[in-house]
Amino acid sequence: MSLIKLIKFESLGDERGQLISLESNKNIPFDIKRVYYMHGMESDKPRGFHAHKDLQQVLVCVSGSCKILMDDGKQQETVELSDSSVGLFIDKMIWREMHDFSGDCVLMVLANAWYDESDYIRGYDVFKQLMSGENK
Ligand code: T46
């Protein structure tokens, strides 16, 4: 099964421009508890390099583009986000790396929990070991 789970948002556009509405348990598949966004990235400075024990998130590239690598311990897939009307759902226990940011990239993330450093798995070896138990 593909790791790339894209959600297409309805774009409510008219002659004034576009508007996209994101709502808990409607077009976002969880209760939104936190929103953060990142900008000012450089294309040669990737981010991420962790998995989350429980956190679920939807990533939306609201400006520009970037690539997201996802890894479930068995397979790796990369997707480019370049459309503000598309969200990428990333489930718990998926290793992610964000890279190849365009100069104008703004990456917004909706999360189903508050920030909690203890939810992060920041070592790839630890992640692989946990997933190898899971995959048996
Ligand atoms: C993820 C990817 C897609 C906070 O204080 N609160 C927050 O809500 C977040 C997300 C981060 N922070 C602090 C922790 C670090 O001192 O901000 C700093 C940068 O965070 P981090 O290095 O974890 O950023 P990324 O871009 O590597 O990862 C982020 C999220 O942390 C992570 O959950 O899935 O974006």
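From a predicted model like this one, the values you see are computed outputs, not experimental measurements. (Residues numbered from 1 in each chain as written. Predicted model: local features only at pLDDT ≥ 70, side-chain atom pairs only at ≥ 80, totals over all residues. Heavy atoms only, no water.)

1. A few points about the packing of aromatic side chains
Move 1: On inspection of all chains with the given rule, the structure shows five aromatic pairs.
Move 2: When the centroid spacing of 5.0 Å and the interplanar angle of 75° are considered together, the rings of W95 and Y124 count as edge-to-face. Highlighted residues: W95 in strand β8 (residues 95-99) and Y124 in helix α1 (residues 124-134), separated in sequence by 29 residues.
Move 3: By relative accessible area, W95 is classed as buried at 3%.
Move 4: When the centroid spacing of 5.9 Å and the interplanar angle of 65° are considered together, the rings of Y115 and Y120 count as edge-to-face.
Move 5: On the accessibility criterion, Y120 (15% relative accessible area) is buried.
Move 6: The ring centre of W114 lies 4.0 Å from the NZ or CZ of K33, which sits over that ring. (Phe/Tyr/Trp six-rings, centres within 6.5 Å; stacked < 30°, edge-to-face > 60°. Helix = DSSP H or I, 4+ residues; strand = E, 2+ residues; numbered from the N terminus. Buried < 20%, exposed > 50% of the residue type's maximum accessible area, 1.4 Å probe, protein only. Lys NZ or Arg CZ within 6 Å of the ring centre and 35° of its normal.)

2. Quick word on the site of the ligand
Move 1: Among the 13 residues in the neighbourhood of the ligand, the closest are listed as R34, H52, Q57, R96 and Y120.
Move 2: Within the side chain of H52, a nitrogen or oxygen atom sits 2.6 Å from an oxygen atom of the ligand.
Move 3: Look at the ligand: alone it shows 650 Å² of surface, and the protein chains cover 68% of it.
Move 4: Elements with a minimum of two residues in the shell around the ligand: β2 (34-39), β3 (47-52) and β8.
Move 5: Ranked by the residues each element gives to the shell around the ligand, the list is headed by β3, at four residues.
Move 6: When the residues that make up the shell around the ligand are grouped by side-chain class, the tally is five nonpolar, four polar and four charged. (Near = heavy atom within 4 Å. Polar contact = N/O pair within 3.5 Å; in protein donor to acceptor, adjacent residues only side chain to side chain. Areas by Shrake-Rupley, 256 points an atom, 1.4 Å probe, with all protein chains shown as cover. Nonpolar A, V, L, I, M, F, W, Y, C, P; charged D, E, K, R; others polar.)

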